[in-house]
Structures are given as structure tokens and as C-alpha cells.
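Structural characterization, general
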Amino acid sequence: MVKLEHRDFNAGEDKEEARNLAMTDQRLQDLGYRAEFRREMSLFGVLGISFCAIGILTGMSSAFQTGLFSGGPVGLFWGWNICSFFMFLIALSLAEICSTYPTMGGLYFWVCKMKPDMPILGFFTGWLYAMAMVFTGISGNLSVALYLASMAEVGQGRTLTKVEITAIAWAMNVFSGIINTIGTKAIGRMSTFNVWWTLGGTFVLAVTLLVKAPVKNSPDFVFTNFQNFTGWESRGFVVLLGFLQAVYTLEGCETAAQVAEEAVRAEILAPLAVVGSIAGSWLIGLAYMLSLLFAVQNIASVQATTFAIPISQLFYDAVGPQLAQLCLAVVTLAQVMAAITNFTASSRLFYALARDDAFPLKRQFMTLNRFQAPYWGVWTSVLMGCIISCAYIGSAVAFDAILSSAATSVMLSYLQPIVIRVFWPNCIEDFGPFCLGKWSWPVNFASFLFCIFVCVLFVLPTAVPVDVLNMNYSIVAVGGLLVIITINWFCWGRHSFKGPIKTFVSK
């Protein structure tokens, strides 16, 4: 009798799963696309994808010095909370659209569907965002190399050369390609693991720093101390420059949309992952940041460090060489997973663009291997990563200029669908299950203003007097990227791309 009841229970679960799968595929077919991927990702897997892309431990650790030198603890604390609030509003805006259009094209497809009479907007959004994801992945793989270089410096006193660091970055690019080639299940399991690693890693880092730091800073220092290593005289502007650290860290929530076609009930899971990843990152990031601020021993020492990653000096001063290596190891593994996720997003976006004739070699980029991976997009990302990484050997400034465009490009990509929602609020007629209702336009308008503010802030000089070494080359890199996309549109795109192409037509 018990066995019979158990079998009936499993049968009921199977029927429910089959019904959910049918509903999800039907929604995709209503958007004009045939289901090509196996739906093997759970909520935790989709949520983990966004957590990986945001990379709280990695983004906070890699960019912490930006806020520390531009405003100090007071700027970091208030900047984090203010930016987290507005990034949460952006997540709400994007989640509402994602619930309506749960496809792997993400930002690109949303723009195309909401403004079908202007295909140039979708084309620009798709290419800009795809390049941003590739550049972010390249940056992440170089960061892994720099963390490993810092571990060598802290543990063995050995300084790696630029060629050695670039070789490690090459190896990481190839490793990211291999993991992404294995397919959906591997990425889903890794992203699920990343959620727990982020939670556990934050706990380990916080406890280690707060217990072992020889001097604990006072609450007065953590919440009111101001630092300025920028040369700017305006305290308000210096604090605003520190906002860049928070925004840079929190970008990536929309990545969940890139695997929407690989999840059951994507119209619910994907938007929940978009919003949930920002909410969780806000709290986890705050806990990690406060532990760093209470444990930092000497800000001037961090500013003058010779380690490859400045946060290494903070760890070294606070907990000593052996535990500093442990802290770096925790962050390094998180960085590895974050970089892999960015190539996941770029490869899916290449697939989506090729599907709609917005990317060349359509047949090749739409080909899936037996692991359900769009491997042409994966290895295109790897190839670009290896080529661009070579720039680091010749000039770290040139390399930084290329990669600094990634953060600005992501914000510009966010801006496109939000602008449409602000100025054409009726562009969506049939909302998905995640709907903001009467709060939709106010949330979109606040998100629009913040995106504009951040895009301007990202291209302003971060230090004075400005010279060739400290100039903010982001405006040059983003401008160059936009020029290339413009030329591509007029020479090729406007002839081949007319908007999303349906691969499924209802009878």
C-alpha cells in the first residue's frame, strides 16, 4: 500500500513537471521560437548564474580600492547602499520585461520586441552587450591570473612577469571554454555551487578578518572616515567616484535571461533570479564590505602596495601571509566561476543574434553539440579572450582601456530597454506573471535616471592632474566600440537584420 502511494506521488510529480515544461515551451513558441535546448536548470541554477555574473566576492575584492581611495569608508558604506537600492530598481525593471519575454536573447530580444519598427536599436543593443560580456569574461580571467600572481607574491615572494600572467589568463580562457562546452548541466551545477560558495566564502572571510585583525577599527571610522587619493578637491564628487566600485560589482543580474530557454517555468524563475540576485548581493556584499572596513589596518599601505591585486595588501596586513593566501584562494575560485559564466552569457547571445540574422555564420553559431552547448559562440569568446589578453604584455593601460569599456557598455545596454519602457510605456500589451503594475513607470523612470548618471560618471576622470597613465580611457574604448558597431550596421547589418526571425509558426 505504501509503495503504491509512493508510486502515485511520483506519477503526480512527473505530470506536474510535464505540464510546467509544456507551458514554458508554449510561451517560447508564442514568441516565435522553437525549443532547442533541454530545460535542465532549476531556480537555484538560474539564480546561481546571476550570482556568478555579479560575483560579489570578486567584484568587491577587485574594485574595493576604487571606493577606498575615493571617499574612504564613508563613501564605500553609503555608496554601496545607495547604488544597491537603484540597482535593485533596475533589476525590477528588467525582471518585468524578462517575465514577458523569457528568451536567451535577453536585453537584445526585449528591445527588438518592444520597438520592432527600429531594428537598429536591437542590433546595437545585441552587439554592445555581447562585446561587454566577452570583455567582462576576459577581465575575469585576467583577474584570476592576478589573484594567482598575488598568492605567489604573498606566499613565496615571487613576482610574476606580464608574460607569465598573460599565459595564466590564456589558460583560464581555454578552461572557461572547456567548461562551457560541456553544456547546461555542468553550468547549472557550477552556478548552484557558486551560491553556496559565495555564502560560505563570505562567512569565512568575515570571520577570519574580524578575528585575526590585530587592530579593529571603530564604528566611527567605518561609518564616517573620509579618504581622498584622487586629487579632486570636491568631497561630494570624490564620494560619487567611489560609487563606481558598487555599480561595477553589482552588474550582471540580467545574465539569468541568457539561460531562460534552459529552465522550466522561465517566465517565473528568470525574473526571480534577476531580482533575487541583486537583493542577495546587496546583503552579502554589505557584510563582506563591513568586515573589510573593520579589519583594514592602513589605507596608505593598500594604496602603495606592490602586489598584483591591492586587496591582497589588506589581507596581508590584517591576517598575515598564510591566512591571506586562504582569503585569496576563496576569492580566486569565485572569480573562476564568474568568468566562466560571462562566456556562458556571450555564447548564448551569439546564438540568439545568429538565429535572427544579426550575426554572421548563422548555421555554425546555431549548432549545438551533444552537451547542448553553442560551442561556436563559446570558442569565439575564448579566441577573442586570448587575442585581447596579449595587449596586457605590451601595455597594461591599453588593456585596461579595452576592458573598462565593459562596465560602461553593460549600463548602456541596460539603458536601451528601460528608455523604451519610459517613453513608450504601452509597448508591452501582455505582461508575464512578474508585473509591477502601477509602480512600473516610476520604477523605470528612476532606473533611467540612474543609468544616465552612472554612464556619465563612468567616463569622467578619476584623478587629477590627468596624465597618460591615470586618464580614464573608457570614453575612448566605448566610443571606438560604438563606431565599429555603427560601421557594421551600415555595411552589413541593415541589409541582413530586420528583427527577430520566427523559428516556430503556430498552425
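Conventions adopted
- Residues numbered from 1 in each chain as written.
- Predicted model: local features only at pLDDT ≥ 70, side-chain atom pairs only at ≥ 80, totals over all residues.
- Heavy atoms only, no water.
- 1 Å grid on protein atoms, 1.4 Å probe; cavity = no way out; pocket = protein on both sides within 12 Å on 5 of 7 lines; lining within 4 Å.
- Points joined across faces, edges and corners; volume = space filled by probe spheres on them.
- Helix = DSSP H or I, 4+ residues; strand = E, 2+ residues; numbered from the N terminus.
- Nonpolar A, V, L, I, M, F, W, Y, C, P; charged D, E, K, R; others polar.
- Patch = residues over 30% accessible without salt bridge, like charges linked within 9 Å, V, L, I, M, F, W, Y side chains within 5 Å.
- Areas by Shrake-Rupley, 256 points an atom, 1.4 Å probe, with all protein chains shown as cover.
- Salt bridge = Lys/Arg side-chain N within 4 Å of Asp/Glu carboxyl O.
- Buried < 20%, exposed > 50% of the residue type's maximum accessible area, 1.4 Å probe, protein only.
- Axes fitted to C-alpha atoms, helices over the stretch in contact; angles between N-to-C directions.
- Parallel < 35°, antiparallel > 145°, perpendicular 65-115°, else oblique.
- Contact = heavy atoms within 4.5 Å.
- Core = buried A, V, L, I, M, F, W, Y, C linked by side-chain atoms within 4.5 Å.
- Expected span 1.5 Å × (residues − 1).
- Bend = angle between axes of the 7 residues up to and from the residue.
- Polar contact = N/O pair within 3.5 Å; in protein donor to acceptor, adjacent residues only side chain to side chain.

Moving on to empty space enclosed by the protein. As enumerated under the stated definition, the model contains one cavity of 30 Å³ or more in all. Size it by volume and the largest cavity reaches roughly 40 Å³. With three residues, helix H3 (residues 56–69) is the largest single contributor of residues to the lining of the largest cavity. Of the residues belonging to the lining of the largest cavity, the class tally is four nonpolar, four polar and no charged.

Before going further, it helps to examine a nonpolar patch on the surface. Together, Val174, Ile178, Ile182, Phe371 and Trp379 make up a nonpolar patch on the protein surface, roughly 390 Å² of accessible area in all. Looking at the nonpolar patch, the element that brings in the most residues is helix H7 (residues 162–182), giving three residues. Relative to the assigned elements, tryptophan 379 resides in helix H15 (residues 375–389). A residue is classified by how much of its surface remains accessible, and tryptophan 379, at 32% relative accessible area, is partly exposed.

Now for the layout of surface pockets. Gaps left between atoms show up when a probe the size of a water molecule is rolled over them. Of the pockets and cavities examined, the second largest pocket occupies roughly 250 Å³. Along its surface, the second largest pocket is lined by Arg27, Asp30, Leu31, Thr100, Tyr101, Lys113, Cys427, Ile428, Glu429 and Asp430. Each residue belonging to the lining of the second largest pocket can be placed in one class, and the counts come to four nonpolar, one polar and five charged.

Two elements in contact, helix H5 (residues 107–114) and helix H6 (residues 119–156), have axes whose closest approach is 8 Å; the angle formed by their N-to-C orientations is 175°. In terms of axis orientation, H5 runs roughly antiparallel to H6. Counted together, Leu107, Tyr108, Val111 and Cys112 of H5 and Leu121, Gly122, Thr125, Gly126 and Tyr129 of H6 form the full contact between these two elements. When the residues that make up the contact of H5 with H6 are grouped by side-chain class, the tally is six nonpolar, three polar and no charged.

Looking now at the nonpolar core. Membership of the largest hydrophobic core comes to 160 residues, with the highest contact counts inside it found for Phe64, Trp110, Phe315 and Tyr414. Considering each element in turn, this core owes the most residues, 22 residues, to helix H13 (residues 311–355).

Now for H13. If you check H13, its first and last C-alpha atoms are just 42 Å apart, much less than what 45 residues at 1.5 Å a residue would give, namely 66 Å. At valine 319, H13 shows its largest kink, close to 125°, and the proline proline 321 lies no more than four residues downstream. Burial analysis of H13 places 36 of its 45 residues in the buried class, which makes it a mostly covered element. The first or second residue beyond H13 is aspartate 357, which carries a positive phi of 60°.

Quick look at helix H2 (residues 43–54) now. Since the α-helix turns once every 3.6 residues, residues separated by three or four places project in the same direction. Compared with an ideal rise of 1.5 Å per residue, which puts 12 residues at 16 Å, H2 spans 17 Å between its outermost C-alpha atoms and is within 8% of the ideal. Across the 12 residues of H2, 10 count as buried, placing the element largely inside the fold. Among the residues of H2, those classed as buried are Gly45, Val46, Leu47, Gly48, Ile49, Ser50, Phe51, Cys52, Ala53 and Ile54. Where H2 terminates, the next one or two residues include glycine 55, which has phi positive at roughly 60°.

A pair can form between side chains of opposite charge whenever their charged atoms are brought close. Under the criterion given, the structure shown has five salt bridges. Glutamate 267 is the salt-bridge partner of arginine 265, the closest N and O atoms lying 2.6 Å from each other. Accessibility assignment for this pair places arginine 265 and glutamate 267 in one class, buried.

What follows covers the environment of threonine 202. Examined against the element boundaries, threonine 202 turns out to sit in helix H8 (residues 184–212). When its relative accessible area of 7% is taken as the criterion, threonine 202 is described as buried. Between the C-alpha atoms of threonine 202 and phenylalanine 445, which are 243 residues apart in sequence, the distance is 34 Å.

To continue, consider the side chain of serine 93. On the secondary structure map, serine 93 appears in helix H4 (residues 72–100). A polar contact of 3.2 Å, which involves the side chain of serine 93, links it to the side chain of asparagine 444. Sequence-distant contacts of serine 93, that is, excluding residues within four places in its chain, are made with Ile418, Leu436, Val443, Asn444 and Ser447.

What follows covers unusual backbone geometry. With an omega of -5°, the peptide bond running from valine 464 to proline 465 counts as cis. Take proline 465: it is sitting in the loop between helix H18 (440–458) and helix H19 (474–496). One non-glycine residue, aspartate 357, adopts positive backbone phi at about 60°. Classification of aspartate 357 by relative accessible area gives partly exposed; the value is 25%. Despite not being glycine, glutamine 372 has its phi angle at roughly 65°, a positive value. With respect to the helices and strands, the residue glutamine 372 is situated in the loop between helix H14 (362–365) and H15.

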